Structures are given as C-alpha cells and as structure tokens.
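Examination of the molecular architecture
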Amino acid sequence: MKITVYGFIVFTFIGGWAASANAQIARPTPTPAVAARPTPAPANAPVPPSKIALVDTSMFGDEKNGIYRFVDATRAVAAEFKTRSDEVNNLAKRLTALANEVDALMKANPPNKTVIDAKQQQGAALQAEYDNKKAKLDEDLGKRYDQVVSPISRQIGAALDQFASQRGVTMTLDVSKILPAILTVVPAADMTQAFINDFNSKNPRTGAAPPTTPKP
C-alpha cells in the first residue's frame, strides 16, 4: 500500500478573477492511494477467510494524536513556504475587495463607466499576478512535499501493510473515504489509533526539521 486546494458584469467580463480570489492555496494532503491490483487467483481456487479492518488516514495528520513524523514533516514544509503563501493569500483578498468595489459601482445610478473600466484593468493585472504566483507556489510546494513528506508516506504505507498482515487482516479500508457507505461496524474493527501508536513507538520524533532548499 502506498500513501501516497463573480465577477464583473460589465460587457460579459464578470467572471473569472474575482471568483478565483476566494480560492485557497492548494496543498498536498495525506491521501493514501489504493495499492496495485493483485494478480487474480485461479478461477477454481477457494476463497480464503477474510478479515476486514478500518483505518482513518485523515487522523495521520492530527496534531495531537497523529503520526508525529508525518505531522512534523508537513509542518516544516508549510513553514518554508509561509511567506509566499501569505503573499498569495493577500492577493486573493485584494481581488475580493476589488470585486466588491466594482459591484458597488455597478449598482450606482448612474454607474461611472470610466471608474469601472479602470477598476477592471486593475483587477486584470492583479489577477495575472495572482495566477502566476499561485501557479509557481503550487509547483514548488508540490516538489518540496514530494522530497520531504512522500518518503514518510511510503514508510507509513509499508508499515500499515505489515501491521495489518500481522493481525491477519486481508483487506484494509480507508474510513475517511467511504464513511457514508458504512452502516454498522464494531469498534474493534477500527485499528487507526492502534496503528498510529505502533508506528510512533517504532519511529519517534527526531526533533530536527527537514533541511530547507533554496527557492527562486
């Protein structure tokens, strides 16, 4: 198993940039990917006894009760990019504020087209700056996440496979992905915290943040 973020209504220009102003910066999340499909058994092979367990992978990133190394790694990556993330978020807030200004100007009677046009041009330039900086931030953040967090995620996936196998579990389901489909379950079927505790005991906090790398 591998564990592997309104616009103006003037001459149809209303749309894109103010809407994106409310978007949050996309950040990678600890979402396990389904393991590669195993080779099917022969058609006449008997079905082995099955034992299903649940794991809530959303708990891996819990600050207090999650997997410490995963939490520390994601926190370290976020800290590296805080200045740039704040800058992009501030641009988004400025876009929203500008959209509200134009909306108010449009409701005036009569609307001041000259002022509205100027605000639109300002918004287009601000939108371009936001798009460029957010795209670059997402790219750099994703690369850094792969460097720092992905190895830990793979380690967690391997450990989860071993943890389940040692307990005779033949299938592990991620409850965070299928919760609406679960009607009944006994508490003992959820091995989330047991796995987290086991992993933390074998992989304690190192106390050192991952090394940083220069960013343009």
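What this report covers is the structure whose coordinates are included nearby.

Rules used throughout
Residues numbered from 1 in each chain as written. Predicted model: local features only at pLDDT ≥ 70, side-chain atom pairs only at ≥ 80, totals over all residues. Heavy atoms only, no water. Helix = DSSP H or I, 4+ residues; strand = E, 2+ residues; numbered from the N terminus. Buried < 20%, exposed > 50% of the residue type's maximum accessible area, 1.4 Å probe, protein only. Areas by Shrake-Rupley, 256 points an atom, 1.4 Å probe, with all protein chains shown as cover. Expected span 1.5 Å × (residues − 1). Polar contact = N/O pair within 3.5 Å; in protein donor to acceptor, adjacent residues only side chain to side chain. Phe/Tyr/Trp six-rings, centres within 6.5 Å; stacked < 30°, edge-to-face > 60°. Lys NZ or Arg CZ within 6 Å of the ring centre and 35° of its normal. Salt bridge = Lys/Arg side-chain N within 4 Å of Asp/Glu carboxyl O. Axes fitted to C-alpha atoms, helices over the stretch in contact; angles between N-to-C directions. Parallel < 35°, antiparallel > 145°, perpendicular 65-115°, else oblique. Left-handed = near helix turned anticlockwise from the far one by under 90°. Contact = heavy atoms within 4.5 Å. Core = buried A, V, L, I, M, F, W, Y, C linked by side-chain atoms within 4.5 Å.

With that settled, consider the overall build of the chain. Summing up its helical and strand segments, the chain has seven helices and two strands in all. In the chain, the order of α-helices and β-strands from amino to carboxyl end is α-β-α-α-α-α-β-α-α. In the chain, which comprises 216 residues, the proportion classed as buried is 31%. Approximately 13,200 Å² of the chain is accessible, and the part contributed by carbon and sulfur atoms is 59%.

What follows concerns helix H4 (residues 113-148). Under the 1.5 Å per step criterion, the end-to-end length of H4 is 51 Å for 36 residues, consistent within 8% with the ideal 52 Å. For H4, the N-terminal cap is Asn112; the gap from its side-chain oxygen to the backbone nitrogen of Thr114 is 3.2 Å.

Here the focus is unusual backbone geometry. Omega for the peptide link from Asn109 to Pro110 comes to 0°, which places this bond in the cis form. Topologically, Pro110 is positioned in the loop between helix H3 (82-107) and H4.

This brings us to the packing of aromatic side chains. Considering all chains together, one arrives at three aromatic pairs under this definition. Here Phe60 and Phe195 contribute two aromatic rings whose centre-to-centre distance is 5.9 Å and whose plane-to-plane angle is 50°, an arrangement assigned as tilted. Taken together, the positions of Phe60 in the loop between strand S1 (52-55) and helix H2 (68-80) and Phe195 in helix H7 (residues 192-202) put the pair 135 residues apart, joining distant regions of the chain. Residue classification places Phe195 among the buried positions, given a relative accessible area of 0%. Look at Phe163 and Phe195: their rings are 5.5 Å apart centre to centre, the planes differ by 70°, and that puts the pair in the edge-to-face class. In this pair, Phe163 is assigned in helix H5 (residues 150-166) and Phe195 in helix H7, connecting sequence segments 32 residues apart. Phe195 matches Phe163 in its accessibility class, with the two residues each being buried. Through successive ring pairs, a cluster of aromatic residues spans Phe60, Phe163, Phe195 and Phe199. One Lys or Arg, Arg167, reaches over the ring of Phe163 and ends 3.5 Å from the middle of that ring.

Oppositely charged side chains can form a pair if their charged atoms are brought close together. If you walk through the whole model with that rule in mind, you get 16 salt bridges. For Asp72, the salt bridge is made with Arg205, and the minimal N-O distance between the two is 2.7 Å. Here Asp72 is found in helix H2, whereas its partner Arg205 is found in the segment after H7, with 133 residues between them in sequence. Overall, the relative accessible area of 23% leaves Asp72 in the partly exposed class. Classification of Arg205 by relative accessible area gives partly exposed; the value is 39%. Of the charged contacts, one joins Lys136 and Asp140 as a salt bridge, the two residues approaching to 3.4 Å between their closest N and O atoms. Separated by four residues within a single helix, Lys136 and Asp140 lie in helix H4, roughly one turn from each other. A network of salt bridges, in which partner residues are shared, links Glu63, Asp72, Arg75 and Arg205.

Their axes nearest at 10 Å, the elements H2 and H5 cross at an angle of 165°. The angle between the axes of H2 and H5 places the two elements in the roughly antiparallel class. Our pair here, H2 against H5, has a crossing hand that is left-handed. Judged by residue contacts, Arg69, Phe70 and Ala73 of H2 engage Ile152, Ser153, Gln155 and Ile156 from H5.

Counting 29 residues, the largest nonpolar core has Phe60, Ile67, Phe70, Val149, Ile156, Met191 and Phe195 as the members making the most contacts within it. In terms of residue count, H4 provides more of this core than any other element does, six residues in total.

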